[in-house]
2 protein chains.
Amino acid sequence: MEDRLIELAELFKVFGDSTRIKLLYTLLDGEKNVGELATLLSMNQSAISHQLRILKTSDLVKVRRDGKSMYYSLSDDHVESIIKLGMDHICEED
Amino acid sequence: MEDRLIELAELFKVFGDSTRIKLLYTLLDGEKNVGELATLLSMNQSAISHQLRILKTSDLVKVRRDGKSMYYSLSDDHVESIIKLGMDHICEED
DNA sequence: TTAACATATGTTCAACTGTTCATATGTTCA
DNA sequence: TGAACATATGAACAGTTGAACATATGTTAA
C-alpha cells in the first residue's frame, strides 16, 4: 500500500501546480496546440512545452501532430472528475 | 476563474506529498495522536507535526486535545473521495 | 535545398520544500 | 512547584522545482 500512496502523491503533485492545472482546465474545452495554450495562459512557449511534457509523462494528456502543430488533449475523463471534485471541496469551504 | 484554479492547485499540492498522503490515508481509519502517527509512519515526531500543521492549515484535518495528546482526524469526507478517485485513476492505468 | 514556422530540449538559477536538530510550549501528576 | 511527557515551533540545510533563455529538431512550402 505504501507504494500506491507514493504513486498517488506523484499524481497529485502533477495537479499541484497552477500552470499545469490551468492547462488541464483549458483542455476540458477541447484539444489545443502549444501556441494556443501559450497565448491563452500568457506564458512563453518553452514553459508551456515543459509542463505539457510532464502532463504527457503522467498520461494526463495525449498528443497528435497536425502539420507543424502539436495538438494536446486530455487522455481520459478521470482528469475532469478530479478537477471537479477538487472544486467541490474548495467551494464548500465558505 | 484564474484565482480558483490557483486555489485548486494549492489544494492538490497538499495532497502531492507522500508523507501527507500517508497521514491522510492513515486517518481514514479514525483519529490518531501525533505519537501514533509518527510510529505508524516510522518518522520522527517533528516531521509529522510539521506536516500535520500544513494539513490543518488547509482544513483537511481537525484536532482535539486529550490530556497531553493531540488527536487528529479528517475534517470532512471530501478527503476520502479525493483519495479514492486518485486511486481509481492509478489502478486503471494498467 | 532553404527559409520560416512550431515545438522540444538542455541549462541555469532563484525560489520553494521537507526533514532534522534543538528548543519552547503546554499538560499531568506526584 | 518540578519532573516527565506530548506536541509545536524555529532555524538550517540539502534537494527539488518552475521559468527563462538559447538552441535543436522537425515540418511545410517555395
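Described below are features of the structure shown in this document. These numbers were taken from a predicted model, which means no experiment stands behind them.

### Topic: the overall build of chain A
- Across its full length, chain A holds five helices and three strands.
- Tracing chain A from N to C terminus, the helices and strands come up as α-α-β-α-α-β-β-α.
- Considering only C-alpha atoms, chain A reaches an extent of 45 × 35 × 20 Å along its principal axes.
- Relative to its full complement of 94 residues, chain A shows a buried share of 45%.
- Within chain A, residue pairs in contact and separated by at least 24 positions form 49% of the contacts whose partners lie at least 6 positions apart.
- Roughly 5,100 Å² of accessible area belongs to chain A as shown, and the carbon and sulfur atoms make up 45% of that amount.
- Each charge sign in chain A was given a centre, from 12 positive and 17 negative side chains, and these centres are 10 Å apart.

### Here's the deal with the relation of the copies chain A and chain B
- Overlaying chain A with chain B gives an RMSD of 0.0 Å, the required rotation being 180° about an axis along which the chain moves by 0.0 Å. Read as a symmetry element, the transformation amounts to a two-fold axis.
- Looking at the interface residues of chain A, 100% of them are also at the interface in chain B, so both copies use one shared face.

### Focus on the protein's contact with DNA strand C
- In the neighbourhood of DNA strand C, 24 residues make up the surrounding shell, with Gln45, Ser49 and Tyr72 of chain A together with Thr19 and Ser46 of chain B lying closest.
- When atoms of DNA strand C within 4 Å of the protein are split into backbone and base, the sugar-phosphate part holds 65%.
- A distance of 2.5 Å is found between a phosphate oxygen of DNA strand C and a side-chain nitrogen or oxygen belonging to Ser49 of chain A.
- Going through the elements one at a time, helix H3 (34-41), helix H4 (45-57) and strand E3 (69-74) of chain A together with helix H2 (18-27) and helix H4 (45-57) of chain B are the ones with two or more residues in the surface near DNA strand C.
- In terms of residue count, H4 of chain A provides more of the surface near DNA strand C than any other element does, five residues in total.

### Here's the deal with the environment of Arg65 of chain A
Residue and element names in this part refer to chain A.
- As for its placement among the helices and strands, Arg65 is situated in strand E2 (residues 61-66).
- Taking the relative accessible area as the measure of exposure, Arg65 reaches 57% and is therefore exposed.
- Here the alpha-carbon distance between Arg65 and Glu10, two residues 55 residues apart in the chain, equals 28 Å.
- Only 3.1 Å separates the side chain of Arg65 from the backbone oxygen of Gly67, close enough to count as a polar contact.

### Details of the pattern of salt bridges
All names here are of chain A.
- Counted according to the given criterion, the structure contains ten salt bridges over all chains.
- Between Lys32 and Asp29 there is a salt bridge, and its shortest N-O distance comes to 2.9 Å.
- With a relative accessible area of 11%, Lys32 lands in the buried category.
- Classification of Asp29 as exposed rests on a relative accessible area of 62%.

### Details of the protein's contact with DNA strand D
- Around DNA strand D sit 23 residues in total, of which Thr19, Arg20 and Ser46 of chain A together with Ser49 and Tyr72 of chain B are the nearest.
- Taking all atoms of DNA strand D within 4 Å of the protein, the share assigned to sugar and phosphate is 64%.
- Ser46 of chain A is positioned with one of its side-chain polar atoms (N or O) 2.4 Å from a base nitrogen of DNA strand D.
- At a separation of 2.9 Å, a base oxygen of DNA strand D approaches a polar side-chain atom of His50 of chain B.
- Secondary-structure elements contributing two or more residues to the surface near DNA strand D are helix H2 (18-27) and H4 of chain A together with helix H3 (34-41), H4 and strand E3 (69-74) of chain B.
- Ranked by residue count, the leading element in the surface near DNA strand D is H4 of chain B, at five residues.
- Looking at the surface near DNA strand D residue by residue, the classes come out as four nonpolar, 13 polar and six charged.

### Describing the packing of aromatic side chains
- Applying the stated criterion across every chain, the model contains three aromatic pairs over all chains.
- Ring centres of Phe12 of chain A and Phe15 of chain B lie 5.2 Å apart, and the angle between their planes is 55°; on these two criteria the pair is classed as tilted. Taken together, the residues Phe12 of chain A in helix H1 (residues 2-15) and Phe15 of chain B in helix H1 (residues 2-15) connect one chain to another. Taken individually, Phe12 of chain A and Phe15 of chain B each receive the classification buried, so the pair is uniform in this respect.
- An aromatic cluster is built from Phe12 and Phe15 of chain A together with Phe12 and Phe15 of chain B, whose rings are joined through pairwise contacts.

About the criteria used
- Residues numbered from 1 in each chain as written.
- Chains lettered and ligands numbered in written order.
- Predicted model: local features only at pLDDT ≥ 70, side-chain atom pairs only at ≥ 80, totals over all residues.
- Heavy atoms only, no water.
- Helix = DSSP H or I, 4+ residues; strand = E, 2+ residues; numbered from the N terminus.
- Buried < 20%, exposed > 50% of the residue type's maximum accessible area, 1.4 Å probe, protein only.
- Contact = heavy atoms within 4.5 Å.
- Areas by Shrake-Rupley, 256 points an atom, 1.4 Å probe, with all protein chains shown as cover.
- Lys, Arg positive; Asp, Glu negative; His and termini not counted.
- Charge placed at Lys NZ, Arg CZ, Asp CG, Glu CD.
- Least-squares fit on C-alpha atoms with pLDDT ≥ 70 in both.
- Near = heavy atom within 4 Å.
- Polar contact = N/O pair within 3.5 Å; in protein donor to acceptor, adjacent residues only side chain to side chain.
- Salt bridge = Lys/Arg side-chain N within 4 Å of Asp/Glu carboxyl O.
- Nonpolar A, V, L, I, M, F, W, Y, C, P; charged D, E, K, R; others polar.
- Phe/Tyr/Trp six-rings, centres within 6.5 Å; stacked < 30°, edge-to-face > 60°.

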